[in-house]
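Structural overview
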Amino acid sequence: MQWLMMPLQWNFVLVTSLVASLAAQLVKVILNLIIIGKFIPERIWGAGGMPSSHSATVCAMVVATGRYCGVDSTLFAIAVVLSVIVMYDAMGVRRETGEQAKVLNQMLNEWMDESAQSLPWLADKRLKEMVGHTPIQVLAGAVLGVAIGFLMPIPG
């Protein structure tokens, strides 16, 4: 536990947020191993998937800020507003971007089947489809972030 206290004394809110982000990414890797049965390295750093690391990060930041600075502080208010924007964006704009990428990739696949010889440079062009989150993925990330925010020991 001593190895954790030194970074927490340096910046409790930042370290708590980073721990939540790393934990969410680790859970994504483990879930992929269980569900798909294979290790996908991109899950370590990639966006999208279950749970939302963005939600885990900002919710841990909110809880850590509230615990460290007080829920009546301006910093807590800023953290809450930022977290709402991030989670709304993850479910809205970023999720729609992923849905559009699926449609465009399908169109590109069909088009490439017909004209693959004439445009070989397009053969490896694919849009990233897993960029946003469903509400359940955002909720799971939020729960993970809140839990980590409360579990991290405040340096004394």
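Note that this is a predicted model, so its numbers are computed, not measured.

With respect to the overall build of the protein chain
A count of helical and extended segments in the protein chain gives seven helices and zero strands. The helix and strand sequence of the protein chain, counted from the amino end, reads α-α-α-α-α-α-α. Looking at the protein chain as a whole, 38% of its 156 residues qualify as buried. Pairs at least 24 residues apart make up 73% of the contacts formed inside the protein chain by residues separated by at least 6 positions.

Examining the nonpolar core
Counting 21 residues, the largest nonpolar core has Leu8, Phe12, Val13, Ala20, Met61, Met87 and Met152 as the members making the most contacts within it. Residue assignment for this core shows that the elements contributing at least two residues are helix H2 (12-35), helix H4 (53-69), helix H5 (74-91) and helix H7 (135-151). No other element matches the seven residues that H4 contributes to this core.

Concerning H7
Across its 17 residues, H7 extends 24 Å between first and last C-alpha, which sits within 8% of the 24 Å expected from 1.5 Å per residue. Within H7, burial applies to Gln137, Val138, Gly141, Ala142, Gly145, Ile148 and Gly149. Projected down its long axis, H7 shows its buried positions confined to an angular sector of 135°, all on one face. With respect to the buried face of H7, the exposed residues turned more than 90 degrees away are Ile136, Leu139, Val143, Phe150 and Leu151. Residues of H7 that are buried in the fold lie against H2, H4 and H5.

Here's the deal with the packing of H4 against H5
The geometry of H4 relative to H5 is characterised by a closest axis approach of 9 Å and an angle of 170° between their N-to-C directions. Classed by the angle they form, the pair H4 and H5 counts as roughly antiparallel. Across the interface between the two elements, His54, Ser55, Val58, Cys59, Met61, Val62, Thr65, Gly66 and Cys69 of H4 pack against Leu75, Phe76, Ala79, Val80, Leu82, Ser83, Val86 and Met87 of H5. Taken together, the residues that form the contact of H4 with H5 break down as 12 nonpolar, five polar and no charged.

Some remarks on a nonpolar patch on the surface
There is a patch of nonpolar side chains on the surface, built from Leu26, Ile30, Ile34, Ile35 and Ile36 and spanning about 530 Å² of accessible area. Relative to the elements of secondary structure, Ile36 occurs in the loop between H2 and helix H3 (42-45).

A word on H2
With 24 residues, H2 extends 34 Å between its outermost C-alpha atoms, agreeing within 8% with the 34 Å of an ideal straight helix rising 1.5 Å per residue. Downstream of H2 by one or two residues, Gly37 has phi in the positive range, about 85°.

Digging into the packing of H4 against H7
Helix-helix packing: each pair is described by the crossing angle between the helix axes and the interaxial distance. Contact geometry for H4 and H7: axes closest at 7 Å, N-to-C directions at 35°. The hand of the H4/H7 crossing is right-handed. Taking contact as the criterion, the partners of Ser55, Ala56, Cys59, Ala60, Val63 and Arg67 in H4 are, on H7, Val138, Gly141, Ala142, Leu144, Gly145, Val146, Gly149, Phe150 and Leu151. By residue class, the composition of the contact of H4 with H7 is 10 nonpolar, four polar and one charged.

Quick notes on the confidence of the model for the protein chain
Predicted confidence across the protein chain gives a mean pLDDT of 82, with 72% of residues reaching 70 or more. Looking across the protein chain, the model is least confident in helix H6 (residues 93-115), with a mean pLDDT of 64, and most confident in H4, with 96.

Describing the side chain of Ser55
With respect to the element layout, Ser55 can be found in helix H4. Look past the residues within four positions of Ser55 in its chain and what remains in contact with it is Met87, Val138, Gly141 and Ala142.

Calculation rules
Residues numbered from 1 in each chain as written. Predicted model: local features only at pLDDT ≥ 70, side-chain atom pairs only at ≥ 80, totals over all residues. Heavy atoms only, no water. Helix = DSSP H or I, 4+ residues; strand = E, 2+ residues; numbered from the N terminus. Buried < 20%, exposed > 50% of the residue type's maximum accessible area, 1.4 Å probe, protein only. Contact = heavy atoms within 4.5 Å. Core = buried A, V, L, I, M, F, W, Y, C linked by side-chain atoms within 4.5 Å. Expected span 1.5 Å × (residues − 1). Arc of directions from axis to C-beta. Axes fitted to C-alpha atoms, helices over the stretch in contact; angles between N-to-C directions. Parallel < 35°, antiparallel > 145°, perpendicular 65-115°, else oblique. Nonpolar A, V, L, I, M, F, W, Y, C, P; charged D, E, K, R; others polar. Patch = residues over 30% accessible without salt bridge, like charges linked within 9 Å, V, L, I, M, F, W, Y side chains within 5 Å. Areas by Shrake-Rupley, 256 points an atom, 1.4 Å probe, with all protein chains shown as cover. Salt bridge = Lys/Arg side-chain N within 4 Å of Asp/Glu carboxyl O. Left-handed = near helix turned anticlockwise from the far one by under 90°. pLDDT = per-residue confidence, 0-100.

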